[in-house]
Amino acid sequence: MADNNKSENRKNKDKSMFTIYVAVIVSFIFAIFVSIASMAMFARENTKEIDTMLTYRIYDSIASSLNEPIIVAETMACNGFMVDFLNNEGKRTEQEAIDVMKDYLSSIKNGLEYDSAFLVSEKSHRYYTYEGLNKIIDPIHDGHDVWYTLFVNQN
């Protein structure tokens, strides 16, 4: 009988241990699913915030890339030297005009560390760059120059 009691105690102990193991495993699996669900929800919320921040960062980057050259172009348009040069361009020899514009545009390019600086005169249609005269714009006879007409017509 003592062996029988020991055997029954062992079976009861094994059953209770099995129940404990099952409870621990079920709890562990439940905890994993809750963690995964929480992290997924957290990731979705953070993704919206990160997307919003990234969108603003991209917008700021594009805006700053465009604003600086626009401000420089507006400054050039209001510059007394530039206005005087363009108003009196015809009074200079072509080489004088090229040399003056080359120096001016080189100083803008180098001073602001730009890749390029250019100007197109409305009167003479000369396309000046920091290297000198690039070409005479002729949208009627040169298909590559149609950009100039499109640009001017947009005010």
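Not measured: the values here are computed from a predicted model.

Conventions used here
- All chains use their own residue numbering, which begins from 1 and follows the written sequence.
- Predicted model: local features are reported for residues with pLDDT of at least 70 only, side-chain atom pairs are reported and counted for 80 or more only, and whole-chain, interface and lining totals are derived from all residues.
- With hydrogens and water excluded, all non-hydrogen atoms of the structure serve as input to the side-chain values.
- Two strands qualify as a pair provided that DSSP identifies no fewer than 2 bridges between them.
- Here a strand is any run of E in DSSP of at least two residues, a helix any run of H or I of at least four, and the numbering for each starts at the N terminus.
- Lining residues are defined by having an atom within 4 Å of a point belonging to a cavity or pocket. Those points lie on a 1 Å grid over the protein atoms alone, cavities being sets where a 1.4 Å probe fits but cannot get out and pockets being open sets with protein on both sides within 12 Å along at least five of seven lines.
- Grid points are joined across faces, edges and corners, and a volume is the space filled by probe spheres set on the points.
- Polarity classes work like this: nonpolar for Ala, Val, Leu, Ile, Met, Phe, Trp, Tyr, Cys and Pro, charged for Asp, Glu, Lys and Arg, and polar for all others, with Gly in that last group.
- The buried label goes to any residue with under 20% of its type's maximum accessible area, the exposed label to any with over 50%, and the partly exposed label to all in between, with areas taken from a 1.4 Å probe on protein chains only.
- As used here, the term nonpolar core means buried Ala, Val, Leu, Ile, Met, Phe, Trp, Tyr and Cys residues forming a set that is joined through side-chain atoms within 4.5 Å.
- The contact criterion used is simple: two residues touch if any of their non-hydrogen atoms lie within 4.5 Å.
- Only the stretch in contact is used when a helix axis is fitted, and all axes are lines through C-alpha atoms; the angle between N-to-C directions ranges over 0 to 180 degrees.
- Note on aromatic contacts: the rings of Phe and Tyr and the six-membered ring of Trp form a pair at centre separations within 6.5 Å, being stacked when their planes are under 30 degrees apart, edge-to-face when over 60 apart, and tilted otherwise.
- The criterion for a charge sitting over a ring is simple: Lys NZ or Arg CZ within 6 Å of the ring centre, and within 35 degrees of the ring normal.

1. Side note on the pairing of strand E3 (residues 132-136)
Judged from the four bridges that link them, strand E2 (residues 126-129) and E3 form a sheet pairing that is antiparallel. Within E3, the position partnered with Thr129 by the bridge is Gly132.

2. Observations regarding the layout of surface pockets
Reported here for the largest pocket is a volume of approximately 840 Å³. Listing elements by their share of the lining of the largest pocket, those giving two or more residues are helix H1 (2-78), helix H2 (80-87), helix H3 (94-112), strand E1 (118-120) and helix H4 (146-153). Broken down by element, the residue count for the lining of the largest pocket peaks at seven residues, all from H1. A breakdown of the residues in the lining of the largest pocket according to their chemical character gives 20 nonpolar, five polar and two charged.

3. Some thoughts on the pairing of E2
Every second residue of E2 is oriented toward a common face, with Arg126 and Tyr128 on one face and Tyr127 and Thr129 on the other, all of them buried. The pairing of E1 with E2 spans three bridges and is classified as antiparallel. Considered in E2, the bridge of Leu119 is made with Tyr128. The loop that links E1 with its antiparallel partner E2 comprises five residues; one of these, His125, has a positive phi angle of about 60°. From the end of E2 to the start of E3, which pair antiparallel, there are two residues.

4. Brief notes about the nonpolar core
The biggest cluster of nonpolar side chains holds 14 residues, and the ones touching the most others in it are Met76, Met101, Tyr104, Leu105 and Tyr128. Among the elements that line this core, the one with the most residues is H3, at six residues. Apart from the residues lying within four places of it in its own chain, the contact partners of Met76 are Met82, Tyr104, Leu105, Ile108 and Phe118.

5. Comments concerning the sheet that holds E1
Strand order in this open sheet of three strands is E1-E2-E3, and the pairing throughout is antiparallel. Two strands lie at the open edges of the sheet, namely E1 and E3, each paired on one side alone. Between one strand axis and the next, the sheet turns through 20° on average, direction left out of account. In the packing of H3 onto the sheet, the strands contacted are E1, E2 and E3, and the crossing angle to E2 comes to about 40°.

6. Concerning the packing of aromatic side chains
Taken as a whole and assessed by the stated rule, the structure comprises six aromatic pairs. For the ring pair Phe85 and Tyr128, a centre distance of 6.0 Å and an interplane angle of 75° mean the geometry is edge-to-face. Placement of the pair is Phe85 in helix H2 and Tyr128 in strand E2, with a sequence separation of 43 residues. The same class applies to Phe85 as to Tyr128, namely buried. Geometry around Tyr130 places Lys109 over its ring, the cationic atom sitting 4.9 Å from the centre.

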